[in-house]
Amino acid sequence: MSKLNLDPTTIQKWRQDIVFKENVLGDDYTFHSTWGIFSPEAVDEGSRLLLEHVDFKATDNCLDVGCGYGVLGMVCAKKAPQGRSVLLDKDFVAVDYARKNCALNGLNNTEVILSNGFSAVGDRKFDIILSNLPAKVSKEQHYLYLYDALQHLSEGGRFYVVTINGLREFISRTFKEVFGNYEKLKQGKTYTIAMAEKR
């Protein structure tokens, strides 16, 4: 097996922030990220598709669970400027970058918290909860997310998720079980967007 010859300049470059600009739902953002965070060089297709199907009101209080470097929560903050957007992640590196990106983009109606799932949210309630649900976690972890989302939604609040298509039947079944309702908003080639409402 041949050895990859990398010069010190390349390795040093990899340690620096990845910086890119993107337009999401008509607004321009600058993102800083790093290797080891999900989709570090561009806003991923699933998150973009999810955001296209969220019905925002200016006063919505939003929660982004598993925020990574902050895409979903930042767009929430921009689209609901009179509400507050809370971003959670269990990875301290992701939390650092999400805080940096919120500040860099002037999103002062945000709060970024290190949290294992919903553990650090306390008793707060939200109008919108969003998550790019990971595929490679246990069904127990998915159930915890769903039950915690139900607990932290205001009456009439909505839980939006994007998943790979292979999880769509599981999400349909568990949303109906936990929330009593399920709506498939979009099924693309790779991802499905689903929503449940607290009634």
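Reference entry: report on the structure contained in this document. (Residues numbered from 1 in each chain as written. Predicted model: local features only at pLDDT ≥ 70, side-chain atom pairs only at ≥ 80, totals over all residues. Heavy atoms only, no water.)

1. Considering the side chain of Ser 33
Step number 1: Topologically, Ser 33 is positioned in strand S2 (residues 27-33).
Step number 2: On the accessibility criterion, Ser 33 (0% relative accessible area) is buried.
Step number 3: Engagement of the side chain of Ser 33 in a polar contact is seen with the backbone oxygen of Pro 40, the distance being 2.3 Å.
Step number 4: Contacts of Ser 33, omitting those with residues within four sequence positions, involve Asp 17, Ile 18, Phe 20, Pro 40, Glu 41, Tyr 69 and Tyr 97. (Helix = DSSP H or I, 4+ residues; strand = E, 2+ residues; numbered from the N terminus. Buried < 20%, exposed > 50% of the residue type's maximum accessible area, 1.4 Å probe, protein only. Polar contact = N/O pair within 3.5 Å; in protein donor to acceptor, adjacent residues only side chain to side chain. Contact = heavy atoms within 4.5 Å.)

2. Some details on the environment of Val 43
Step number 1: With respect to the element layout, Val 43 can be found in the loop between S2 and helix H2 (45-51).
Step number 2: On the accessibility criterion, Val 43 (8% relative accessible area) is buried.
Step number 3: For the pair Val 43 and Lys 21, spaced 22 residues apart in sequence, the C-alpha to C-alpha distance is 9.4 Å.
Step number 4: Among all residues touching Val 43, those that are not within four sequence positions of it are Phe 20, Glu 22, Val 24, Phe 31, Arg 48, Tyr 69 and Val 71.

3. Overview of the sheet that holds strand S3 (residues 62-65)
By definition, the strands of a sheet pair up through backbone hydrogen bonds, in either a parallel or an antiparallel sense.
Step number 1: Strand order across the open sheet formed by seven strands is S5-S4-S3-S6-S7-S9-S8, with mixed pairing between neighbours. In the strand order of this sheet, the two ends are held by strand S5 (110-114) and strand S8 (183-187), each with one partner. Neighbour-to-neighbour, the strand axes of this sheet turn through a mean angle of 15°, independent of strand direction.
Step number 2: Where strand S6 (residues 126-132) lies against strand S7 (residues 153-164), six bridges are found, and the strand directions are parallel. Looking across to S7, one finds that Phe 126 is bridged to Leu 153.
Step number 3: Each of strand S4 (85-89) and S5 is contacted by helix H4 (residues 92-104), which is oriented at about 170° to S5, the strand it contacts most.
Step number 4: In the packing of helix H6 (residues 168-179) onto the sheet, contacts are made with S7, S8 and strand S9 (191-197), and the angle to S7 comes to roughly 165°. (Pairing = 2+ DSSP bridges. Axes fitted to C-alpha atoms, helices over the stretch in contact; angles between N-to-C directions.)

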